[in-house]
Amino acid sequence: MMIPACPLADLPRGEAFRLETDPPVTVFHTDDGELFAIDDTCTHQDASLADGWVEGCWVECPLHASKFNLKTGEVDAPPAKLPVRTHEVVVQDGMIYVQLSTAAPNLPHCVTARLAGALA
Amino acid sequence: MRTVAVVGASLAGLSAVRSLRKQGYDGRLVVIGDELHRPYDRPPLSKEFLAGTIGEADLALETDDEDLRAEWLLGTRATGLDRTDRAVRLADGSEVRADGVVIATGAAARTLPGSEGLAGVHVVRTLDDARTLRDELARGGRLVVIGGGFIGAEVASTAYALGLDVTVVEAAPTPLAGPLGETMGAIVTALHTDHGVRLLCGVGVKGLSGEHQVDAVLLQDGRSIPADIVVVGVGARPCVEWLEGSGVELDNGVKCGSDGRTSLAGVVAVGDCANWYDPRTGAHRRVEHWTGALERPAAAVATLLAGGAVEPGLPRPPYFWSDQYGVKIQFVGHAAGADSVTIEEGSAEDRNVLAVYRRAGEPVAVLGMNQPRLFTRWRKQLARPAS
């Protein structure tokens, strides 16, 4: 599914845009001018990676020290142990679109419990 | 270098092992740990694990597919370091000879003199500590926490959520004044009273009462606070006794350079036991932060492998976090030496503060309460080398 995010002009380099999908997805515009989309929630705890510290093609969770690779989703060090999903980004006519991954997300314990509670 | 011994099997030791392999070390790697457990995450021990929302498997720091090709000697305490043949002596009388040694023996919780053998009295440092306390908290009752620092505050917050009757006793007039300064220490500490947790400040503890099981905490001013469970959170001391007489210089832990090198060639120190030279402040500082244990070993291992020929980069300013009563508390930098602190965003009343500490107008530390986005921006700014 292709989801419109925001106009490219509204997302300067170094900034992030969070899509309120379920689970949320964030598009990062790196300092080098690349665009990446990953799941917004850290796989360790309920934290928004859109608030994180981006360096090169890695984003560090705003709470703890785990960094996620924006290209591959892999995690570098604890406390997170699982990767985040990555999503394809397409720019058409100046608009950023995200092609959502069909893989299962790796959500942290507390978020999974909350979603399960909502479904029950 | 054919054998490296890592003494200490917690986060700092594991990070050193990972860094060794990542930096190309291909030789024998022996990890010595005094606990029986493989490396596990300690921050949840006073929070989610204590509350029972996560289990022991969630604490594992290694991933399932990880192969560090290390020999793990667990449940084995190091008792000495022999400088002539660089051998680590173990409690069972054996020794591990190594070309390089990483000291990562951490710190141990301080206890209350005279509390030995009294049931219901706890510290929170190890998985075994937390497991016992978790089971007792689950039975409910009256909890008295001695020490209003971060561990004490987190245990109080967790126990409050579990429905216990909680009192926090702190000897200083303002808890957390050391790490956060008086003003912000008072604001963070107000979280206790917000939730009806009693906070007694500026009064010392004289002792505990009880025959076999603790029944009260006796204060210096004569008061007696009834207790079914007591948690002592009065800090930690570096575990370096085993290095006495080894030639490794000790001063509030293992004294080391900004690259982790100690006074002995081929020996580096990391984690809570290491008193690193901080080029930002021009002084040695022993930092008991999780992030330090995670990040510093890379530099120490580089030093070890290069025989001390590498120039370390500027370390990031020390960062820690705490979770109390649903509020995310984050701190970076050094509050000591600041001459002002201003709330730049949010309000103290709403407990969603972003506060900046400055010295001569320059930011030196930042505190966030439920302000992760702004906090990250400030943390990044603080990490930039001074211009």
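For the structure, see preceding data.
Residues numbered from 1 in each chain as written. Chains lettered and ligands numbered in written order. Predicted model: local features only at pLDDT ≥ 70, side-chain atom pairs only at ≥ 80, totals over all residues. Heavy atoms only, no water.

## Re the overall build of chain B
Secondary structure assignment for chain B yields seven helices and 26 strands. Scaling as 2.2 N^0.38, a compact globule of 387 residues should have a C-alpha radius of gyration of about 21 Å, and chain B matches this with 22 Å. Dimensions along the principal axes, computed over C-alpha positions, put chain B at roughly 60 × 55 × 40 Å. Put simply, chain B has 387 residues, and 53% of those count as buried. Within chain B, contacts between residues separated by at least 24 positions form 60% of all contacts whose residues are at least 6 apart in sequence. Just so you have it, chain B exposes about 16400 Å², and 48% of that area is on carbon and sulfur atoms. Put simply, chain B has 40 plus and 49 minus side-chain charges, and the middle of one group is 5 Å from the middle of the other. (Helix = DSSP H or I, 4+ residues; strand = E, 2+ residues; numbered from the N terminus. Rg over C-alpha atoms; globule rule 2.2 N^0.38 Å. Buried < 20%, exposed > 50% of the residue type's maximum accessible area, 1.4 Å probe, protein only. Contact = heavy atoms within 4.5 Å. Areas by Shrake-Rupley, 256 points an atom, 1.4 Å probe, with all protein chains shown as cover. Lys, Arg positive; Asp, Glu negative; His and termini not counted. Charge placed at Lys NZ, Arg CZ, Asp CG, Glu CD.)

## A closer look at the environment of A:S48
Residues and elements named next belong to chain A. Within the secondary structure, S48 sits in the loop between β4 (35–39) and β5 (53–55). Classification of S48 by relative accessible area gives buried; the value is 15%. Sequence-wise, S48 and P4 are 44 residues apart; in three dimensions their C-alpha atoms are separated by 20 Å.

## So, the pattern of salt bridges
Inspection of the entire model under this criterion finds 31 salt bridges over all chains. The partner of A:E60 in a salt bridge is B:R316, with the nearest N and O atoms 3.0 Å apart. Here B:R316 lies in the loop between α6 (290–306) and β22 (319–324) and A:E60 lies in strand β6 (residues 58–60), a pairing that spans two chains. Note that B:E66 and B:R18 form a salt bridge whose closest N and O atoms lie 2.6 Å from each other. One end of the pair, B:E66, is in the loop between α2 (48–51) and β3 (71–74); the other, B:R18, is in helix α1 (residues 11–22), and 48 residues separate them in sequence. The buried category is assigned to B:R18, whose relative accessible area is 19%. In this structure, a network of salt bridges that share partners links the residues A:E60, B:E295, B:R316 and B:R379. (Salt bridge = Lys/Arg side-chain N within 4 Å of Asp/Glu carboxyl O.)

## Some thoughts on the sheet that holds strand β13 (residues 205–209) of chain B
Residue and element names in this part refer to chain B. Strand order in the open sheet formed by three strands is β13-β14-β15, and the pairing between neighbours is antiparallel. Two strands lie at the open edges of the sheet, namely β13 and β15 (224–226), each paired on one side alone. Neighbour to neighbour, the strand axes of the sheet diverge by 20 degrees on average, direction disregarded. When strand β14 (residues 216–219) meets β15, the two strands line up antiparallel, connected through three bridges. Counted as the bridge partner of A216 is P226 from β15. (Pairing = 2+ DSSP bridges. Axes fitted to C-alpha atoms, helices over the stretch in contact; angles between N-to-C directions.)

## Focus on the sheet that holds strand β1 (residues 3–7) of chain B
All names here are of chain B. In spatial order, the strands read β3-β2-β1-β7-β19; together these five strands make up an open sheet with parallel pairing. The sheet is open, and its two borders are formed by β3 and β19 (267–269), each paired with just one other strand. Each strand of the sheet is rotated relative to its neighbour by a mean of 15 degrees, with strand direction disregarded. Relative to β19, strand β7 (residues 100–103) runs parallel, the two sharing three bridges.

## Section: the nonpolar core
Residue and element names in this part refer to chain B. One finds L81, V88 and I103 to be the most contacted residues of the largest nonpolar core, which totals 61 residues. Among residues more than four places away in sequence, those in contact with L81 are A87, V88, R89, V101, W242, L243, S246, V248, L264 and V267. Judged by nonpolar contacts, the second largest core, of 43 residues, contains I54, L133, V188 and A335. (Core = buried A, V, L, I, M, F, W, Y, C linked by side-chain atoms within 4.5 Å.)

## Here's the deal with the interface of chain A and chain B
Taken together, the contact pairs 17 residues of chain A with 28 residues of chain B. Summed over both partners, the interface of chain A with chain B comes to about 1900 Å²; 53% of that surface belongs to carbon and sulfur atoms. Interface area lost by chain A to chain B is led by A:W53, A:P78 and A:K81, which between them contribute 34%. Summed over the shared surface of chain A and chain B, the number is four salt bridges. Of the charged contacts, one joins A:E15 and B:R377 as a salt bridge, the two residues approaching to 3.6 Å between their closest N and O atoms. (Buried area = accessible area lost by both parts, 1.4 Å probe.)

## Looking at helix α7 (residues 372–383) of chain B
The end-to-end C-alpha separation of α7(B) is 16 Å, in line with the 16 Å expected for twelve residues at 1.5 Å each. Within α7(B) the residues assigned to the buried category are B:F375, B:T376, B:W378, B:R379, B:L382 and B:A383. (Expected span 1.5 Å × (residues − 1).)

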